There are 2 protein chains.
Amino acid sequence: MIVLGIDPGLAATGYGVVAQRDGRLLALDGGVIGTPAAAAPAARLATIHARIEGLLAEHDPVALALEALYFGQNVRTAFAVGQARGVALLAAGTRAIACVDYTPQQVKSAVCGSGRAGKGQVQEMVQRLLALPEPPRPDHAADALAVAICHLNHAPLRERVPA
Amino acid sequence: MIVLGIDPGLAATGYGVVAQRDGRLLALDGGVIGTPAAAAPAARLATIHARIEGLLAEHDPVALALEALYFGQNVRTAFAVGQARGVALLAAGTRAIACVDYTPQQVKSAVCGSGRAGKGQVQEMVQRLLALPEPPRPDHAADALAVAICHLNHAPLRERVPA
């Protein structure tokens, strides 16, 4: 079972591809899709969309997992993040791949066992759970891997308890 | 010169296609792309994206004009609108069609001559400028036609004064 985690942003969209095999987690890919501030928003969104389409085609995940951030942001940021989020959802929707939102607390709980864990703890636990040689960087990539892990933890329960 | 105006929203995206021929404005198309609340956001965004792609293919506009609404909205609304906006920009970006933002004040000024005009005045002036038999409805369609008119008013100046 493979999951693509996405941490959307216009300037930097983090992505992380995590597989669960025989009960073990494995990082297949991870990084950041960066777009230049000087480019037009439409061109930046086209880059993000194309890269996510590429990741979906390459890894064929069963789901796209995203962190839902409704609060703690100003309206301008929410607008920009919403745009990047929109093209990520679109890429998945076009291929009929399920998109699932998790709150920051759900992600932290799944990875660290506490909804109040700090960024450093999340990075450390992502490293440990995926048996990476070093903590995943930058933050956006670590966050994307974390939300993918969160979905893999929740997925068995989701399957047992139909919505 | 043909311009596609878009008033993005997840539940209802207004669109208006306006042509300028021999100094006269002409409404070629206008309406609302509605999506059901029961559908998954990714599917709703796919509908909006496909419909806008269809409008671009049919009318081949020189530009996509959008109202930029950064304030007076809460973060949750900004997120939802941002997502719809993202797929609209993407559709234009993929075809290398310029996307231009206008503030609500710019749109009202262009259509009514005053940045403080009310919704009713905007509808009435859009009807008059496009010589429509009745005021354009619903609001989202009227707003989309208004922003397209706004772009047509600004475009000659933009061309004379390179950015």
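Participant: Summarise the nonpolar core; cite the residues concerned and give the values.
Facilitator: Within the largest apolar cluster, 48 residues are counted, with the highest numbers of intra-cluster contacts made by A:Leu4, A:Ile6, A:Ile52, B:Leu4, B:Ile6 and B:Ile52. When neighbours within four sequence positions are excluded, A:Ile52 is seen to be in contact with A:Leu4, A:Ile6, A:Thr13, A:Ile33, A:Ala88 and A:Ala91.

Participant: Provide a residue-level description of the layout of surface pockets, including the pertinent values.
Facilitator: Roughly 370 Å³ of volume is contained in the largest pocket. Taken together, 21 residues form the lining of the largest pocket, with B:Asp7, B:Glu67, B:Leu69, B:Lys119 and B:Asp143 sitting closest to its centre. Elements supplying a minimum of two residues to the lining of the largest pocket: α3 (104-112), α4 (119-129) and α5 (139-160) of chain B. Residue classes in the lining of the largest pocket are distributed as ten nonpolar, five polar and six charged. Around the second largest pocket, the lining is made up of 17 residues, and of these A:Asp7, A:Glu67, A:Leu69, A:Lys119 and A:Asp143 lie nearest the centre. For the lining of the second largest pocket, the element with the highest residue contribution is helix α5 (residues 139-160) of chain A, accounting for four residues. Of the residues assigned to the lining of the second largest pocket, the class counts are eight nonpolar, two polar and seven charged.

Participant: I'd like a description of the relation of the copies chain A and chain B, backed by residues and values.
Facilitator: Superposing chain A onto chain B takes a rotation of 180° plus a shift of 0.0 Å along the axis, which leaves an RMSD of 0.0 Å. Considering both components of the superposition, the chain copies are consistent with a two-fold axis.

Participant: Provide a residue-level description of the packing of α3(B) against α4(B), including the pertinent values.
Facilitator: Residue and element names in this part refer to chain B. Contact pair α3 / α4: the axes reach a minimum separation of 9 Å and the direction vectors enclose 50°. When the axis of α3 is compared with that of α4, the two are oblique. Seen along the crossing, α3 lies across α4 with a hand that is left-handed. Contact with α3, carried on its side by Lys108, Val111 and Cys112, involves Gln121, Val122, Met125, Val126 and Leu129 of α4 and no other residues of that element. Residue composition of the contact of α3 with α4, by class: six nonpolar, one polar and one charged.

Participant: So, the interface of chain A and chain B: which residues are in play, and what are the values?
Facilitator: Residue-level contacts link 24 residues of chain A with 24 residues of chain B. Buried surface at the junction of chain A and chain B, both sides included, amounts to about 2100 Å², of which 78% is carbon and sulfur. Inspection of the chain A/chain B interface yields zero salt bridges. Counting every contact that joins chain A to chain B gives two residue pairs in polar contact (both at pLDDT 80 or more).

Calculation rules
Residues numbered from 1 in each chain as written. Chains lettered and ligands numbered in written order. Predicted model: local features only at pLDDT ≥ 70, side-chain atom pairs only at ≥ 80, totals over all residues. Heavy atoms only, no water. Core = buried A, V, L, I, M, F, W, Y, C linked by side-chain atoms within 4.5 Å. Buried < 20%, exposed > 50% of the residue type's maximum accessible area, 1.4 Å probe, protein only. Contact = heavy atoms within 4.5 Å. 1 Å grid on protein atoms, 1.4 Å probe; cavity = no way out; pocket = protein on both sides within 12 Å on 5 of 7 lines; lining within 4 Å. Points joined across faces, edges and corners; volume = space filled by probe spheres on them. Helix = DSSP H or I, 4+ residues; strand = E, 2+ residues; numbered from the N terminus. Nonpolar A, V, L, I, M, F, W, Y, C, P; charged D, E, K, R; others polar. Least-squares fit on C-alpha atoms with pLDDT ≥ 70 in both. Axes fitted to C-alpha atoms, helices over the stretch in contact; angles between N-to-C directions. Parallel < 35°, antiparallel > 145°, perpendicular 65-115°, else oblique. Left-handed = near helix turned anticlockwise from the far one by under 90°. Buried area = accessible area lost by both parts, 1.4 Å probe. Salt bridge = Lys/Arg side-chain N within 4 Å of Asp/Glu carboxyl O. Polar contact = N/O pair within 3.5 Å; in protein donor to acceptor, adjacent residues only side chain to side chain.

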